Amino acid sequence: MENDIERLLFIYALQNAVKHNSAPKSGTVIGTVLGKHPEFRSRAREIGPLAGKAVAQVAKMSAAERKSRLEEIAPELLAELTETHEHVRELPALEGAENGVVMRFAPNPSGPLHLGHARASILNDYYVKRYGGRYVLRVEDTDPKRVDPEAYGMVLEDVEWLGLGITDIVYQSDRLEIYYDLCRKLIELGGAYVCVCDSERFRELKLKGKPCPCRELEVEENLELWQQMLDGEFYEGDVTVRVKTDLAHPDPAMRDYSAMRIVNAPLHPRVDATVFPLMNFSVAVDDHLLGITHVIRGKDHIANTRRQRYIFDYFNWKPPVYRHYGRMGISGVVLSTSGMREGINSGLYTGWDDIHLGTMRAIARRGIEPEAVRNAMIDIGIGETDISFSWENLYSRNKELVDPRANRYFFVPDPVEVTVEGAPRHEAHAALHPNDPSRGVRTLIAEGAILLPRADIEGRSMVRLKDLYNIRIAWDGDTPRVSYAGDSLEEARSEKAPIIQWLPADAKLPCTLLRQDENLEGFCEPPVAGETGNVVQFERIGFARVDSVEGGRVSAYFAHR
Ligand code: GLU
């Protein structure tokens, strides 16, 4: 290996071969090397042949040789495979990405980000991280009717929470002059015209595949009308600039769609303007001007991709590579921004972080970590098949992260207070974490009255109290009479007694466990108050994020079991 680049190509070729247990792929190897070592991008031309050499060399080796060689010269790359490969699956390669990519996440600032945005933003982020390059956050705020001034800040917070590797931030409302300029150029090219037809009338003609009278105007006349639009001589709804497409297109929605319009009200929060581009125009222009190489978005944008193609063709621009992933049904939460907003305004939801909503902030409030959201979205991938979002998978991804960290505590919902007849005073030492003795124990003293979860003792004659002893229960109507039954684990087992949580009646904090279906009221161990902001495990109930302690009452949000 004479120089670094050859060595890098060789070790990444080895890694690629070991990972897939097959001959290495030159394109992937180049992509990995340039992604991790952007300093070599300027030498992209000499890399191709060198990669070919490295790949050929590795291809000749046996699987065992490849592995032992990688272990010898780059053990960390071998370790990386066993650490991450089992868990985070690799998504399909993107064509033409070997030399790095420029991608974008383009939300509308109409509310905070939700699970739908998470998928788009994480998949694009994944590829930028994989191939190296730039990741543009493009705030698409050219529809004053759908801009919520507070959403600008929320989107940035959510982007940060998700850990997206954004390198550039662009606001479309800062770029109106650019769109105006290109709109004029498109008119000059004969690719667009100003249409003053009544929208109903235009629709009728369009459905028949017929041109409206405006389509026949000369460029000069169109430019004059366009200037009048900019000069404020038209009012909202009177006029629109249309892209000339194909009036015979089988899909009427493709025919001469609008590119520019007037919006008089509401006023835009960031700019003093009344002429605004519609999505297909501003998206196509910006994808080109920002040098976007790859766009990953949902299938619901396929028609837009076709519409945008006309603009690329008129200007003779090279379009990015598009991938459209399938629809994702998400049950159990509200996702429509207008639905969420109405619910918040009417008091049905407490705010954008209400746990009945599918926003990032609602999910965060429940103790679900951004890394879990990322892993779950990568598990879903970019396939074209429509799927339903698996909450179970998100939960198991989250559990992998929080289980090793979460301290264990007892929470007794709907408690029954009892005195255990004949019981000796007993100090229970319960581990804060069963797999990590170094964290120590919680000490709970059972002397006198204790609290038991009603649902777990109802109808039972014996239960075992965790880390304490067995009790026998005699029922006097609805009232349990409880007596000490020794501490033999065998006996508890042979009587099929469940092991349940409990609390000393004199050492407890009121606690509400907030859940999507119904809240649980009860008591928890006092040290839970010191866990505000953390995820804990309420034994036998599940993981929860301790949200606040107010007036001596703990509020925690249920995450999952
Ligand atoms: N801002 C649009 C949206 O959120 C466009 C996104 C895109 O082109 O990918 O739907």
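Computed from a prediction, not measured in an experiment: that's the story for all the values here.

**Q** So what exactly am I meant to see when it comes to the packing of aromatic side chains here?
**A** Each aromatic ring pair is specified by the distance between its two centres and by the angle formed by the two planes. Here the structure, examined in full by the defined rule, presents 11 aromatic pairs. With 5.9 Å between their ring centres and 80° between their planes, Phe 312 and Trp 317 make a pair best called edge-to-face. Note on Phe 389 and Trp 391: the rings are 5.1 Å apart at their centroids and 85° apart in plane angle, and the pair reads as edge-to-face. Pair check on accessibility: Phe 389 and Trp 391 agree, each one buried. Aromatic rings pair up to connect Tyr 126, Tyr 127 and Tyr 131 into one cluster. Positioned above the aromatic ring of Phe 202 is the side chain of Arg 242, whose terminal nitrogen or guanidinium carbon lies 3.4 Å from the ring centre.

**Q** What exactly am I supposed to notice about the nonpolar core here?
**A** Side chains that are nonpolar tend, in soluble globular proteins, to be buried together. Among the nonpolar cores identified, the biggest contains 44 residues, and Tyr 127, Val 373 and Trp 391 are the most heavily contacted of them. Listing elements by their share of this core, those giving two or more residues are strand S1 (101-105), helix H6 (115-131), strand S2 (133-139), helix H7 (151-162), helix H14 (360-365), helix H15 (370-380) and helix H16 (391-402). Per element, the largest residue contribution to this core is 9 residues, and it comes from H6. Residues within four places of Val 373 in sequence aside, it is in contact with Ala 118, Ile 122, Trp 161, Leu 162, Ile 363, Ile 368 and Leu 394. Counting 39 residues, the second largest nonpolar core, distinct from the first, contains Met 260, Ala 273, Leu 290 and Ile 311.

**Q** Sorry if this is basic, but what is going on with the site of the ligand here?
**A** The full set of residues close to the ligand is Arg 104, Ala 106, Asn 108, Glu 140, Met 279, Val 283, Arg 297 and His 301. Arg 104 has a polar side-chain atom sitting 2.7 Å from an oxygen atom of the ligand. In isolation the ligand offers 290 Å² of accessible surface; the protein chains occlude 81% of this area. Of the residues that constitute the shell around the ligand, the class distribution is 3 nonpolar, 2 polar and 3 charged.

**Q** Is there a simple way to explain helix H10 (residues 219-230) in this structure?
**A** Given 3.6 residues per helical turn, the α-helix brings residues three or four places apart onto the same face. Given a rise of 1.5 Å per residue, 12 residues ought to cover 16 Å, and the 16 Å separating the end C-alpha atoms of H10 matches this to within 8%. Of all the positions in H10, only Asn 222, Leu 223, Leu 225, Trp 226 and Met 229 are classed as buried. In a view along the axis of H10, the buried residues occupy a sector of 165°, so they form one face of it. More than 90 degrees from the buried face of H10, the exposed residues found are Glu 220 and Glu 224. Those residues of H10 that are buried lie in contact with helix H8 (176-188), strand S4 (192-195), strand S5 (240-243), strand S6 (258-262) and strand S7 (275-277). Taken from the residues just after H10, Gly 232 is the one with a positive phi, measuring 80°.

About the thresholds
- Residues numbered from 1 in each chain as written.
- Predicted model: local features only at pLDDT ≥ 70, side-chain atom pairs only at ≥ 80, totals over all residues.
- Heavy atoms only, no water.
- Phe/Tyr/Trp six-rings, centres within 6.5 Å; stacked < 30°, edge-to-face > 60°.
- Buried < 20%, exposed > 50% of the residue type's maximum accessible area, 1.4 Å probe, protein only.
- Lys NZ or Arg CZ within 6 Å of the ring centre and 35° of its normal.
- Core = buried A, V, L, I, M, F, W, Y, C linked by side-chain atoms within 4.5 Å.
- Helix = DSSP H or I, 4+ residues; strand = E, 2+ residues; numbered from the N terminus.
- Contact = heavy atoms within 4.5 Å.
- Near = heavy atom within 4 Å.
- Polar contact = N/O pair within 3.5 Å; in protein donor to acceptor, adjacent residues only side chain to side chain.
- Areas by Shrake-Rupley, 256 points an atom, 1.4 Å probe, with all protein chains shown as cover.
- Nonpolar A, V, L, I, M, F, W, Y, C, P; charged D, E, K, R; others polar.
- Expected span 1.5 Å × (residues − 1).
- Arc of directions from axis to C-beta.

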